[in-house]
Amino acid sequence: MPDSSATIEAHLKEARTFEPPEAFRQQANVSDEGVYERARKDPEGYWAWWAEQLEWSKKWERVLDWTDPPFAKWFVGGKINASVNCLDRHIREGRGDKVAFHWEGEPGDTRTLTYSELKREVCRFAAGLKGLGVKKGDRVTMYLPMVLELPIAMLACARIGAAHNVVFGGFSPKSVGERMNDCESRVLVTCDGYYRGGKTIEQKGRADEAAAAVDAFDKMVVVKRLDGEAKLQEGRDVWWHDLVEGKPDDIEAEAMDAEDMLFLMYTSGTTGKPKGIVHTTGGYLTGTFATTRWVFDTKEEDVYWCMADIGWITGHSYIVYGPLTNGLTQVMYEGAPMYPDKDRAWAIAERYKVNVLYTAPTAIRGFMKFGGEHPEKHDLSSLRLLGTVGEPINPEAWMWYHEKIGGTNCPIVDTWWQTETGMHMITPLPGVTTTVPGSATKPFPGIDAAILDENGDEVGAGKGGFLAIRKPWPSMLRTLWGEDERFIETYWSKWDKKTYFAGDGARKDKKGNFWILGRIDDVLNVSGHRLSTMEIESALVGHGSVAEAAVVGASDPDKGQAPVAFVILESGSKDGADLRKTLNQHITEEIGPIAKPREIVVVPDLPKTRSGKIMRRLLVDICEGRDLGDTTTLADPDVPKEIKDLYEERAAKTA
Ligand code: PRX
C-alpha cells in the first residue's frame, strides 16, 4: 500500500444530475428523506424495526452488543432460520404458487419454480445432506454454475444449520481444495458440467481434482446438467437426483442463533491466502432484506433480474437472501450474455418482462461495445429501475445504461459495498436521491460512512481519503474464518477498533455525494500526486475511440510511479501516433498533464476473471517484467501473454 499521509487527489468532475422521475417517486417504497434522520437518531431502533419484519422463532433480548469491538453481536439471544424466511413465511402468506425463479439455460431450456416447489426441493436436499451425515455447524462446499440446484443447496444448508461455502464455478480445482481444507469441509456439491458460450464445460473432473487435494474429503453430490456420462466414484459420489429420491417434501428447520454462521465466502486479500469472510444469520438477513426492499424498491408483482453469478457475494445477497426474504419473482440465467447472439440478455429481459435489473459496469461496457442496436431490437419498457455494482462506473457507461437500457426514465442505483459488508452501504434510494453519473451517492440509512485521513480525521469536501464505516451494521462480517487476528489487523487497525477500514479511497463532494476512487492499492502516486487509476480509465473510455481501458501504476525512475494504459479500441479507430497524441491531449484536458500515461498499449482484450473483473495485478506484473504466474482463473488464460508481447513491443519503441 502506498504511503498515505497526504490526501488522494480527485480530479474527476461530473456536473449532470438526475432527480427521481416524479412517477417513480410517487410509487416508491421510500420517498421521504426523513428516513436518514430517523435512522441516525436511533440506529438500533431502526435496525430492530427492519428485523421485526422477519420471522423469528425467539425474539432477541438485545439489538446490538458492541462491548468487545470489533466483534459485534446483533440481535443477541434471537433465534431465526434463513430458509424459513425465504420460503415458509411466503407460503404461509399465500405466495406458495408465486414464481420464485424463472430459470433459463443457455441452450434455451427453461425451468420454473414456485415458492412451494422451491421449498420442496430445498427440504428434499436438506434431508439428503442429513443422510450424508451433514450436521448443524458443518461446512458444505458448492462448486456449481448458475443452475437452480445452487440456491437450493444453499437454502438446504441454512435449513439444517450447516454453513455453505460457495466457490465460484470458474475457479481452479486448486482453489476449491484450498478453501475446503481451510474450513475443514468434507462435502462438495458440484455438477457433471454446464453450458457456456455455446460449449459444454466439463466440471466433474475438476471437482475430482479438488477432492483429491482435500485431507478429509468425504462425499460428493453431482448435479446432472449434461447428458454425458460423468464417472461417479463408488462409495464417495452420488447423483443429486438419486440423493433426493423419496425424501420428504418438508423437514423441520433448525432454530439458529442469530449469531450462528450462515455462510463463509472466500475473497482475495493482499496476501496469497484467501480470506474466509464469516457472515452470521440474523444480522445478515436483516441487512439484505432491508436494502433489497429500499434500494431496489421491490414490489409484490416485480420481476427482478440480477445478472451476477451466485458464486460471488452479489449473488448471495441479491439473488438468494435479499430477494427471497422479500418474496420476489426472479430471473436466473445460466450462460453467456452474448450467446447465441449479442442480444441474448435483452431477449431474456423482454421475455420475462423484467422490472428491476442489476449488473456490473464491466458488463455494461461490454454491452456498449456490442452496440446499442442490440437492446433496440427488444421491448424493454417493463424496466423501471437499474442497478450497478462491483466497481466505479464511468459516467460514459452510466449514460449509456440510462439511455439505451433505461430509456431515460429508470433511476440508476450505483451500489457500493463489499463481500465483507454483506449489503449495500453507499447507494441511492431511487425515490429520494438525486443521482450523479459515477457517484454511489449517500450512505444507506443507518450506515455511518466517512472519508478519513491517516489520523482518522474527516477530510473536507472535495478531498480524497480513506473510506471508513464508523458504526457497526447488522450484516457486517464477524471475523475471518479461523483468523481473528488477521480480521482485526486488516479491517480494524488503521484507526481504532471501532472504525472499519474498507480499503477503498473515496472523496465526498459539497453535496455529500461519495465518489469511490477504487482500492487503495489501485491508487497511483505520480510525482507526489495521488491519482486514481479509475479516473484515468474513465477519461480514456470517455473518448470516442476507446471501448475499454485499464490503467495501472508502473514504477518509474523519475516519477515514482507512472500510469500505463491498456486500451481496447472501438471498431473504426486506428492505433498509431495520432491516436496517442489525441488521447494524451484528452487526458490532459480531463484530469491534467500529470495523468498522461507513460505508455498507451492497444490490446485486443483485457485480463478478466470470469465474473468480469479486470485483473490489474497481472497488468502490473507485465509492466514490472515479472513472471505472470497462475492465470487459470481468467476468462481467457492466454490474454496476459498476448498483452505482454504488445507491451514489450511498445516499450521498445518508446525507449
Ligand atoms: O473497490 C470496491 C469495489 O469492489 C470492492 C468490493 O469487491 P467485492 O468484495 O468483490 O464485492 C463486489 C460486489 C459487492 C470494493 O472495495 N466496488 C464495489 N461496488 C462498487 C465498487 N467501487 C465503486 N463503486 C461501486 N458501486
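Predicted model, so just to flag it, every value in this text is computed and none were measured. (Residues numbered from 1 in each chain as written. Predicted model: local features only at pLDDT ≥ 70, side-chain atom pairs only at ≥ 80, totals over all residues. Heavy atoms only, no water.)

**Q** When you look at the sheet that holds strand β7 (residues 163–166) in this model, what are you seeing that I'm missing?
**A** Each strand in a sheet pairs with another by means of backbone hydrogen bonds, the pair being arranged parallel or else antiparallel. Across the sheet, which stays open at both edges, the eight strands sit in the order β12-β11-β8-β6-β7-β14-β15-β23 with mixed pairing between neighbours. Each end of this open sheet is capped by a strand with a single partner; those strands are β12 (237–239) and β23 (479–480). When strand β14 (residues 261–267) meets strand β15 (residues 275–280), the two strands line up antiparallel, connected through six bridges. Opposite M265, over in β15, you have I277 as the bridge partner. Those strands touched by helix α11 (residues 313–325) are β7, β14 and β15, and its axis lies near 145 degrees from that of β14. (Pairing = 2+ DSSP bridges. Helix = DSSP H or I, 4+ residues; strand = E, 2+ residues; numbered from the N terminus. Contact = heavy atoms within 4.5 Å. Axes fitted to C-alpha atoms, helices over the stretch in contact; angles between N-to-C directions.)

**Q** Honestly, the pattern of salt bridges in this entry has me stumped. Any pointers?
**A** Side chains bearing opposite charge may pair, as long as their charged atoms lie close to each other. Within this structure, the stated rule accounts for 52 salt bridges. In this structure, D257 and K79 form a salt bridge, with 4.0 Å as the shortest nitrogen-oxygen distance. With D257 in strand β13 (residues 256–257) and K79 in strand β3 (residues 79–80), the pair connects residues that are 178 residues apart, well separated along the chain. Look at D257 and you get partly exposed, because its relative accessible area is 23%. Of the charged contacts, one joins K174 and E178 as a salt bridge, the two residues approaching to 3.8 Å between their closest N and O atoms. Of this pair, K174 and E178 both sit in helix α7 (residues 173–182), separated by four residues, roughly a single helical turn. With relative accessibility at 58%, the residue K174 sits in the exposed group. (Salt bridge = Lys/Arg side-chain N within 4 Å of Asp/Glu carboxyl O. Buried < 20%, exposed > 50% of the residue type's maximum accessible area, 1.4 Å probe, protein only.)

**Q** Just checking my understanding: could you explain the packing of aromatic side chains for this structure?
**A** Any aromatic ring pair is given by two values, namely how distant the centres are and how the planes are angled relative to each other. Applying the stated rule across the entire model yields 36 aromatic pairs. Here W56 and F75 contribute two aromatic rings whose centre-to-centre distance is 5.5 Å and whose plane-to-plane angle is 55 degrees, an arrangement assigned as tilted. Taken together, the positions of W56 in the loop between α3 (43–51) and β1 (62–65) and F75 in strand β2 (residues 73–76) put the pair 19 residues apart, joining distant regions of the chain. One exposure class covers both W56 and F75, and it is buried. Taken together, the aromatic side chains of Y46, W47, W49, W50, F289, W294 and F444 make up a single cluster linked through ring pairs. Positioned above the aromatic ring of W49 is the side chain of R38, whose terminal nitrogen or guanidinium carbon lies 4.4 Å from the ring centre. (Phe/Tyr/Trp six-rings, centres within 6.5 Å; stacked < 30°, edge-to-face > 60°. Lys NZ or Arg CZ within 6 Å of the ring centre and 35° of its normal.)

**Q** How do you make sense of helix α6 (residues 149–160) when you look at a structure like this?
**A** Side chains that are three or four residues apart share a direction in an α-helix, a result of its 3.6 residues per turn. For α6, with twelve residues, the first-to-last C-alpha span of 16 Å sits near the 16 Å given by 1.5 Å per residue. For α6, the buried fraction is high: twelve of the twelve residues fall into the buried class. Just downstream of α6, G161 is the residue with a positive phi angle, here 80 degrees. (Expected span 1.5 Å × (residues − 1).)

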